[in-house]
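# Notes for the structure review
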Amino acid sequence: MVGFNVGSVAFNSDGWGPPESSPSSPPLSLPNHPSHVPFAPFSRSDKLGRIADWTRSNYNHPSNRNPNNHRNNNPSDSAFDFTGDDSFGLNNPDDDSSFRLVDGKPPPRPRFGPKWRFNPHYHHRNQNQLPQRRDEEVEAKKREAEKERARRDRHYHQNHRSGGAHHHQRREAASLKSSVDIQPEWNMLDQIPFSTFSKLSFSVPDPEDLLLCGALEFYDRSYDRVAPKNSRPLERFKNRNFFKVTTTDDPVIRRLANEDKATVFATDSILSTLMCAPRSVYSWDIVIQRVGNKLFFDKRDGSQLDLLSVHETSQEPLPESKEDINSAYSLSVEAAYINQNFSQQVLIRDGNKVEFEEGNPFANEGEEVASVAYRYRRWKLDNDMYLVARCEVQSVVEVNNQRSFVTLNALNEFDSKYSGVDWRQKLETQRGAVLATELKNNANKLAKWTSQALLASADMMKLGYVSRVHPRDHFNHVILAVVGYKPRDFAAQINLNTSNMWGIVKSIVDLCMKLNEGKYVLVKDPSKPQVRIYEVPADAFENDYMEEPLPEEEQVQPPAEDAEGGEEIAAAMDVEEKEITAEA
C-alpha cells in the first residue's frame, strides 16, 4: 500500500511559521521543498491574494456617494473590493482597478417580463443603484417626461410653479388651517371620528310648521331655457339686504324658547353642516350653549358657515396665497356673492309677492330685503325632546293653482383648467358629466344644499351654473344654465341618506345634553376626519367684533375715480352688515 510521508514538522516556539535560521545555525532544510528556491517570508502588509466576501456591501462607502464615481457600480464587485478596509493596509485603490469578475454580464432579462422603463423620479432617488443607460431611447423618454411635468405645472399652477412631487403636500397645507384658534385654556372633552358617523341611523316623524315669516317672489321660468349660447349676465343687487343671523340672535327663536316649544334650537345652515360633516374637508366650528335644560347651536360672527366652499373635495390643489383670486378663501367669498345675486336675479321682480304671517324678523321698517321665507319647524327627537330650526326658501312657483317652495343656489366655474370640464362646451351636450365633476369637486357643498332643501320641505331645488366672463375676471359673471331637481330624488342620486343625517344630529344632541351648563365649541379637525368638543369660557367669541374693519369714516378712502367701483363691489358682497368682509 502506497503511503504518504508528511515528514517532520519543525516546531517554532517563537511564533507562527517555520523557525527562522540564524548565522550560528545551519540553514533550515524542509522536506519536499523545491531545491534552489529560497523561502520568501511575508509581512502583514503584503497582499496574499483575493478572497470573496459575499456579506460585504460597498454602497455606503463614502467614495461611492459621489454620483460621478462609477468605479463600483457593479454590486458584485464589492465582494472583491478591500480598498475601504484599513486592516489590510490597501491605501492605494488604483492597485485594485485591474481586478474584476470574470463573468460581468448582467443576468438575462425575462423573455415575456415587463420591460424596464425610465422613471426620472426613481432614477433620482436610486442614482447609484440603477444601471447607467445613456442610449437614445432613454434620453427621449427623459425629455418627454420633463415636458409632461412642465405641462402639468402650467396646467394647474399658473401662478405658483412647482414640481408635481409637492402636489399632495400643498393640498394638505391648504386645509391645515383651523377655522378657529384653539386656545390653551380650552379643555378638550371628546373627539369623534367620522367613521362612527357612517353607522348611525335615526328616523324622525314629519315636522310641523310653527311659524312662517318673510315674503317670496315668484320664480322666472324663462331661466329654465338659458343655455351657453344665450347666456345672461349676472346682475348685482346692491340695495337688497341679506341676513345670516345666528340662532340665539333670532328674536323668533328666543320667543319660542321662552314659550318652551322645544329643547334644541338651531338653523338649517348649522344642521346641514352637522348632517354632512363626513363629507367635509375644510375646518369649521359650531358654538354650543347649554342653558338650563335647553341646547342652542350657534355660529360665530363672521363664521366660515356664511361662505360657500369651492373645490373643497377636489384632489387638485388651489393657490395658497389668500390674495390670489383662485385661493380657497377668495373663491368662497366670490361663491357667496354669486349665490346671493343669482337667487334674486331669477325671480319675477314685478312687486307681486307671497306674504306670510309675519314679515322678515331681521329687517328694519322700509328696508328692502331679499326674497326669502323663514320656516320655523319642529321635529320630535325623543318622547320629551323636540328640535326647532329656522329653514329658508328663496322663491315660489305656482302650478295648477298650487304653490310650491323653491330653493335657489348657484355653482360657479372659475377656471376650467382646474376642473378639466369646460361648461360652455359641455353643458348642452354632456350636462351629466358637468354635474358629476361638480359632485366630485364640491360634494360637501351640494350635500348641504340638498339637506337644507329637505329640512325646509322644498318642492324643488334649482341649481344655476354661473361662470366667469373671463378666467382672470372674478367680478363679472354669466348664467349659463339653470336646472331643477326634486330634493329627495337628488339626495338619492348623490347617496345622501336622511336617516343617517338625523342619526348624526341625534348622537351629537345626546352627547351635548350630558354636558354641564356652559359654552362649548365643536370643531372639525383641519387635517383629520374627526370633530372635537372643547369646553370654552363663557365670554369666548364675544369680542369677535373687534376684528371687524374700521367704520367707513375712519377708513382710508380710495381715489375718486375708483370710489364708485369699490363701493359697488362692497355692496354686492354685503351679507348681514358686511359679515363676509369681516372674515377678512
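In case you missed it, the structure is sitting above this.
The sections below set out a description of the structure shown in this document. (Residues numbered from 1 in each chain as written. Predicted model: local features only at pLDDT ≥ 70, side-chain atom pairs only at ≥ 80, totals over all residues. Heavy atoms only, no water.)

## Section: the overall build of the protein
Scanning the protein for helices and strands turns up 15 helices and 15 strands. Each of the 584 residues in the protein was classed as buried or not, and the buried ones make up 43%. Counting contacts in the protein only where the partners sit at least 6 residues apart, residues at least 24 apart contribute 74% of the total. (Helix = DSSP H or I, 4+ residues; strand = E, 2+ residues; numbered from the N terminus. Buried < 20%, exposed > 50% of the residue type's maximum accessible area, 1.4 Å probe, protein only. Contact = heavy atoms within 4.5 Å.)

## Thoughts on the nonpolar core
Ranked by internal contacts, the top residues of the largest apolar core, which has 78 residues, are Phe297 and Tyr465. Looking at which element gives the most residues to this core, the answer is helix H13 (residues 498–513), with 7 residues. Once residues within four sequence positions are removed from consideration, Phe297 is found in contact with Thr247, Val264, Phe265, Ala266, Ile270, Leu274, Ile286, Val287, Ile288, Ile508 and Val509. Membership of the second largest hydrophobic core comes to 17 residues, among which are Leu211, Val245, Phe296 and Val369. (Core = buried A, V, L, I, M, F, W, Y, C linked by side-chain atoms within 4.5 Å.)

## Description of the pattern of salt bridges
The full count for this structure, using the stated rule, is 17 salt bridges. For the salt bridge of Glu208 with Arg378, the shortest nitrogen-to-oxygen distance reads 2.7 Å. In this pair, Glu208 sits in strand S2 (residues 208–218) while Arg378 sits in strand S8 (residues 372–382), placing the two residues 170 residues apart along the sequence. On the basis of relative accessible area, Arg378 is assigned to the buried category, the value being 18%. Across the pair Lys506 and Asp510 runs a salt bridge, and its minimum N-O distance is 2.9 Å. In this pair, Lys506 and Asp510 both sit in helix H13, 4 residues apart, roughly one turn of the helix. Counted as one network, the salt bridges with shared partners bring together Asp209, Arg375 and Arg377. (Salt bridge = Lys/Arg side-chain N within 4 Å of Asp/Glu carboxyl O.)

## Considerations on the pairing of strand S12 (residues 460–470)
Successive side chains on a regular strand alternate, one facing one side of the sheet and the next facing the other. Among the 11 residues that make up S12, 8 are buried, leaving the element largely enclosed by the rest of the structure. As paired strands, strand S11 (residues 402–413) and S12 are joined by 8 bridges and run parallel to one another. Bridge pairing in S12 links Leu411 to Tyr465. Across 9 bridges, S12 lies against strand S13 (residues 473–485) in antiparallel orientation. Bridge pairing in S13 places Arg468 opposite His477. Counting the residues between successive antiparallel strands, the hairpin from S12 to S13 contains 2 residues. (Pairing = 2+ DSSP bridges.)

Interpretation in functional terms is not warranted from these geometric data alone.
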